[in-house]
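In case you want the letters, here they are:
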Amino acid sequence: MNAAQTLKVFNLRHTAGREQVLNLFLNAGHALAHNDVENGLGPDHDRVTVYRTLRTFVDAGLIHKVLDDEGGTKYALCRDACADGHHHHDHVHFKCEACGQTTCLNEVRIPTVSLPTGYDRKEMNLLIQGVCQDCNK
Ligand SMILES: [Zn+2]
Ligand SMILES: [Zn+2]
Ligand SMILES: [Zn+2]
């Protein structure tokens, strides 16, 4: 499915900007920070529009937030069914110290953690840091 078709499936109005941003994610294969998206678009873009586009994509269930070790936020494509706007991810994220890229390990599930009585879990993130497959070659 290409970017234009994906926007349609997710009931998002097609704009050239949205298609460009989505293509960056489809081609990247790893999580992108706001700055990565801006750099990928080149000099001819509007910062606020990029910000809104990312928010729209998160709300639509197209991309999800990936917490970074430096406190920043990155975004990655959703592979699970998040089309209802609720994100149900329980996969591990991996941050490579060599190339700096964060990847969704979609097949690696976050282990179950039991919490003491009185604590309600809403969200759980697991970021593993190390050296990625590409840098290990
Ligand atoms: Zn999601
Ligand atoms: Zn790496
Ligand atoms: Zn992820």
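How each quantity is defined
Residues numbered from 1 in each chain as written. Chains lettered and ligands numbered in written order. Predicted model: local features only at pLDDT ≥ 70, side-chain atom pairs only at ≥ 80, totals over all residues. Heavy atoms only, no water. Donors = N, O, S within 2.8 Å, 3.2 Å for Na, K, Ca; no water. Tetrahedral: all angles 85-135°; square planar, octahedral: opposite > 155°, others 65-115°. Helix = DSSP H or I, 4+ residues; strand = E, 2+ residues; numbered from the N terminus. Buried < 20%, exposed > 50% of the residue type's maximum accessible area, 1.4 Å probe, protein only. Contact = heavy atoms within 4.5 Å. Polar contact = N/O pair within 3.5 Å; in protein donor to acceptor, adjacent residues only side chain to side chain. UniProt positions renumbered as here; feature names shortened; annotations may be inferred.

As recorded by an unreviewed UniProt entry, the protein chain carries the name Transcriptional repressor and is attributed to Spirosoma sordidisoli.

S.K.: Teacher, can you tell me more about the coordination of the zinc ion (ligand 3) here?
M.R.: Any two of four tetrahedral donors ideally make an angle of 109.5 degrees at the metal, while pairs among six octahedral donors ideally make 90 or 180 degrees. The zinc ion (ligand 3) binds to the protein through H64 (NE2), H91 (NE2), H93 (NE2) and C104 (SG); the donor distances cover 2.0 to 2.2 Å. The site at the zinc ion (ligand 3) holds four donor atoms, and with the angles between them running 101 to 113 degrees, its shape is tetrahedral. Counting residues between consecutive donors of the zinc ion (ligand 3) along the chain gives the motif H-x26-H-x1-H-x10-C. One end of the pair, H64, is in strand β2 (residues 63–67); the other, H93, is in strand β4 (residues 91–96), with 29 residues separating them in the sequence. A relative accessible area of 4% means that H64 is categorised as buried.

S.K.: Explain the environment of E38 to me, please; I cannot follow it from the model alone.
M.R.: Secondary-structure assignment places E38 in helix α3 (residues 34–41). For E38, a relative accessible area of 10% gives the class buried. Remark: the alpha-carbon pair of E38 and R109, spanning 71 residues in sequence, is separated by 31 Å. Ignoring sequence-local partners within four residues, the contact set of E38 consists of H45, R47 and V50. Among the polar contacts made by the side chain of E38, one reaches the side chain of H45 at a distance of 2.8 Å.

S.K.: Can you help me understand the coordination of the zinc ion (ligand 2) in this one?
M.R.: Donor atoms from the polypeptide that bind the zinc ion (ligand 2) are C96 (SG), C99 (SG), C132 (SG) and C135 (SG), placed at 2.3 Å. Here the zinc ion (ligand 2) is ringed by four donor atoms whose angles at the metal span 102 to 117 degrees, and the overall shape comes out tetrahedral. Each donor residue of the zinc ion (ligand 2) lies on one chain, and together they are spaced C-x2-C-x32-C-x2-C.

S.K.: Please clarify how the UniProt feature "binding site: Fe cation" (unreviewed entry) in the protein chain should be interpreted in this entry.
M.R.: Taking the UniProt record as the reference, the feature "binding site: Fe cation" (unreviewed entry) is found at H87. The residue H87 is located in the loop between β3 (73–77) and β4 in this model. Each residue touching H87, except ones within four places of it in the same chain, is listed here: V58, G61, I63, H64, C78 and C82. Among the polar contacts made by the side chain of H87, one reaches the main-chain carbonyl oxygen of I63 at a distance of 3.5 Å.

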